[in-house]
Amino acid sequence: DLEDTYTPAFRAAIMQGKAASLMCSYNAVNGTPACANTLLLQRYLRQSWGFNGFVTSDCGAISDFYRPGAHGFSPDAAQASAAAVKAGTELDCGDAYRALTEAVRKGLISEAQIDAAVRALFLSRMRLGMFDPAGSVRYDSTPYSTVDSPEHRALSLRAAQESIVLLKNDGVLPFNPHLKTVAVIGPNAASLPGIEGNYHAIPSHPSLPLDGLKQALRGHTRVLYAQGSNYADDLPIVLPRSALRTAAHNGRQGLTAQYFANAEFTGKPAVTRVDPQVEFDWDAASPVAPLPRTGFSVRWTGVFVPPAAGKYSLRLRTGCGDCGGKATARLWLDGKEIAASAGKRGGPQAEMALDNTRPHAIRIEYSFAAPLFGAGITLEWQAPADVLREQAVQAAKQADVIVAFVGLSPRLEGEEMPLHVQGFSGGDRTSIDLPAVQQDLLHALGATGKPLVVVLMSGSAVAVNWSSQHAGALLEAWYPGEAGGEGIADVLTGAVNPSGRLPLTFYKSDAQLPPFTDYSMKNRTYRYFTGTPLYPFGYGLSYSKFAYSNLKLDSSAIPAGQPLSAHVTVTNDSKTAGDEVAQLYLISPSGQGYPLRQLIGFQRVHVAAHGSRTVSFTVPPRMLSEVDADGRRVIRAGTYRLFAGGQSPANSGATPGETARFTISGMEPVSK
């Protein structure tokens, strides 16, 4: 039964979380696109789960019904839109539903069926109070300033702090407070996309890792910075602040920026400041007060200082593809215009061979005039890999400790991207390894003999086998959001004790996984994986040391259909207070084809130094059930085990934690 076998998280979001709307996906299920699939949208979603909100398509998903090279499910927009609405997709993120009038004329759908979809949409608007008197509902009386309020920015910082996962620590962390010099290296050290991630809002005060560490270490530790490498070969990356100066002699890092409150560079600049690098995301946002978000211009001036002789290329990348207006970007070097783009996401690259390291005058001009969306600009470069790596090695040799920010980027992993480089194809990953150019950088840094801390930033798991073996410490910081740099610095310096846990398995290599085209669950995810992962689901270290003991069940024998309660003691065997995420797993007696282990409960608890906490779990009957070979969810008789610990139990049974056995008698179908 598809509903019970593969959708427990979605089911919980609807039935327990009471989600009021959801999005149907691009893919097809059993040959029918999800947004026209009555099995998904009617039988499961509305009938079984009692959903009474509205469904919207993913953007362009209805057009994919008939678009060449996509599903081939419908011959045209009229039949596609009729099929989607009748299946239960009330809202189209796209333009296919413009053909609904034609669909009615052709008898493909009735006006009453369209009325039902419209009714669901208006009911949601009514629930939001959109038709009530102004100020009478809480949504209407919430000011826009709440979006970027101090309370919400504090929440962003907390989210970054608590999501960081410490994977390895040989004692190099937290930093010694008497460190004299830290080398900050890597393509993610000063990258805006590296903290924003995919599908993000626009941070007003983004904290990059380099800036977060500088702020945390200010006054007592020197911070050296080198980009070190690109994300991947043949992929341009932001031109780093280390190669920019505000003036030819003794200038500050960065460029002088003049911001105009119009798109023509006229009048006096509204704001003048120094920008460390040109990498900005202003999509539907003002660059800086008091500039309007629909029309402004910026001029950056200063010098570009190449780190060594060699072949370089510079490129302007703008955020606007087709933003319904006008966006232009132009680049001058030594007074000569070398690159320009007009309304395009990527402009041409200007390639040059430089035989010296003298400063070159640089000027960038960007103007934007559009109704709302699409503003943003990045000055990118491609530099010789050996030059970037040598810069990083020289910085590392001067430092007491190296912090390497490596990993992935939304420039590499995403949705339908025009990108094909080694390890990545169209936004999909063809390898889970760290890109080779970054791995070469880590090898070079490791060869210096200096303590090495690797901070991995990514939206998905990366096989970091070398770092696991050779780095002094390894953290997974994900794409940590607007306060990411500050959150990472808090963990590195010990201002925050790390407590994040892996929500997925880190495998050693692709070879541990079945082919992507194999849709069975065998050897996939922590529930079915039979090998030894690099880092297991639920794993994460702390500056504290936790132990589990005294796992007790309210009963060692229960009839099918009854809940079960479990209690375990978590002890902090260290002098540092910290948070532990206590996890409870079910290990059933079922054989091949059934999950090997299942997470059925977890709690984050704060435990004082040398203190203990009792953590209690109530396990509802459904969590003790399985889907049998006939597609029925049932609770079956047998002897089961519960495992309580700080990560998922290994196949060898050697994971630290506590195990208790219990038996279930009888059999009980589960319907709720």
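Higher on the page you've got the structure.
None of these values were measured; they are calculated from a predicted model. In this numbering scheme, every chain counts its residues from 1 along its sequence in written order. A pLDDT threshold of at least 70 governs which residues receive local features in this predicted model, and a stricter bar of 80 or more applies before side-chain atom pairs are shown or counted, although totals over entire chains, interfaces and linings include all residues. The basis for every side-chain value is the complete set of heavy atoms in the structure, and neither hydrogens nor water enter the calculation.

1. Focus on the sheet that holds strand 34 (residues 638–645)
We count it as follows: For two strands to be treated as a pair, DSSP must find no fewer than two bridges joining them. Going along the chain from the N terminus, every DSSP run of H or I of four or more residues is numbered as a helix, and every run of E of two or more is numbered as a strand. Axis definition: a line fitted to C-alpha atoms, limited for helices to the stretch in contact. Angles are taken between N-to-C directions and run from 0 to 180 degrees.
With respect to topology, 5 strands assemble into an open sheet ordered 27-35-34-29-30, the strand pairing being mixed. This sheet does not close on itself; its edge strands, each paired only once, are strand 27 (557–559) and strand 30 (598–607). If you compare each strand with its neighbour and ignore which way they point, the axes differ by 25° on average. Relative to strand 35 (residues 657–665), strand 27 runs parallel, the two being bridged by 3 bridges. From the neighbouring strand, P559 faces strand 35, where its bridge partner is S665.

2. Some points on the state of the cysteines
Our working definition: We call a pair of cysteine sulfur atoms a disulfide when they lie within 2.5 Å. Exposed residues in this analysis have more than 50% of their type's maximum accessible area, buried residues have under 20%, and partly exposed residues fall in between, with area computed by a 1.4 Å probe over protein chains only.
Inspection of every chain in the model, using the stated rule, returns 2 disulfides. The disulfide bridge from C59 ends at C93, spanning 2.0 Å between sulfur atoms. Measuring handedness by torsion sign, the sulfur bridge of C59 and C93 sits at about 65° and is right-handed. On the criterion of sequence distance, the pair formed by C59 in the loop between strand 4 (54–57) and helix 4 (77–87) and C93 in the loop between helix 4 and helix 5 (100–105) is long-range, its members being 34 residues apart. Note on C93: relative accessible area 25%, which makes it partly exposed.

3. As for the sheet that holds strand 31 (residues 612–619)
Taken in spatial order, the 3 strands line up as 26-28-31 in an open sheet, and their pairing is antiparallel. Among the strands making up the open sheet, the edge pair consists of strand 26 (546–553) and strand 31. On average, adjacent strands in this sheet sit at an angle of 25° to one another, irrespective of strand direction. Both strand 28 (residues 564–572) and strand 31 contribute to a ladder of 8 bridges, which runs antiparallel. Bridge pairing in strand 31 links L564 to V619.

4. Brief notes about the packing of helix 7 (residues 150–163) against helix 13 (residues 484–493)
We apply this condition: We call two directions roughly parallel when the angle between them is under 35 degrees, roughly antiparallel when it is over 145, roughly perpendicular when it lies between 65 and 115, and oblique otherwise. For any helix crossing, the convention is left-handed if the near helix is rotated counterclockwise from the far helix by under a right angle, and right-handed if that rotation is clockwise. Contacts are assigned to residue pairs that have any heavy atoms within 4.5 Å of one another. Amino acid classes used here: Ala, Val, Leu, Ile, Met, Phe, Trp, Tyr, Cys and Pro are nonpolar; Asp, Glu, Lys and Arg are charged; the rest, including Gly, are polar.
Their axes nearest at 8 Å, the elements helix 7 and helix 13 cross at an angle of 45°. Overall, the two elements helix 7 and helix 13 adopt an arrangement that is oblique. Regarding helix 7 and helix 13, the two cross each other, and that crossing is right-handed. Judged by residue contacts, L157, A160 and Q161 of helix 7 engage G484, E486, G487, D490 and V491 from helix 13. A breakdown of the residues in the contact of helix 7 with helix 13 according to their chemical character gives 3 nonpolar, 3 polar and 2 charged.

5. Digging into the side chain of K168
Condition: Polar contact is the term for a pair of N or O atoms within 3.5 Å; when the atoms are in protein, one must be able to donate a hydrogen and the other to accept it, and sequence-neighboring residues count only if both atoms are side-chain atoms.
Tracing the sequence through the fold places K168 in strand 5 (residues 165–169). By relative accessible area, K168 is classed as buried at 12%. Within the structure, K168 has its side chain in polar contact with the backbone oxygen of S468 (distance 2.9 Å). The contact partners of K168, leaving out residues within four places of it in the chain, are S467, S468, Q469, H470, A471, G472, A473, L474, Y535 and L541.

6. Topic: the packing of aromatic side chains
For clarity, the cut-off: Ring pairs shown here join Phe, Tyr and Trp side chains whose ring centres sit within 6.5 Å, with only the six-membered ring taken for Trp; geometry is labelled stacked below 30 degrees between planes, edge-to-face above 60, and tilted in between. We count a charge as sitting over a ring when the NZ of a lysine or the CZ of an arginine lies within 6 Å of the ring centre and within 35 degrees of the ring normal.
Applying the stated criterion to the full structure yields 21 aromatic pairs. Aromatic pair F260 and F265: ring centres 5.9 Å apart, planes at 70°, arrangement edge-to-face. The class for F260 is buried, based on a relative accessible area of 3%. With a centroid separation of 4.0 Å and an interplanar angle of 10°, the aromatic rings of Y526 and F537 are classed as stacked. Residue Y526 is located in helix 14 (residues 525–528), and its partner F537 is located in the loop between helix 14 and strand 26; the two are separated by 11 residues in the primary sequence. In this structure Y526 comes out as buried when scored by relative accessible area, which is 14%. A connected cluster of aromatic rings, assembled from ring pairs, spans Y259, F280, W282, F296, W300, Y366 and F368. Geometry around F122 places R125 over its ring, the cationic atom sitting 5.3 Å from the centre.

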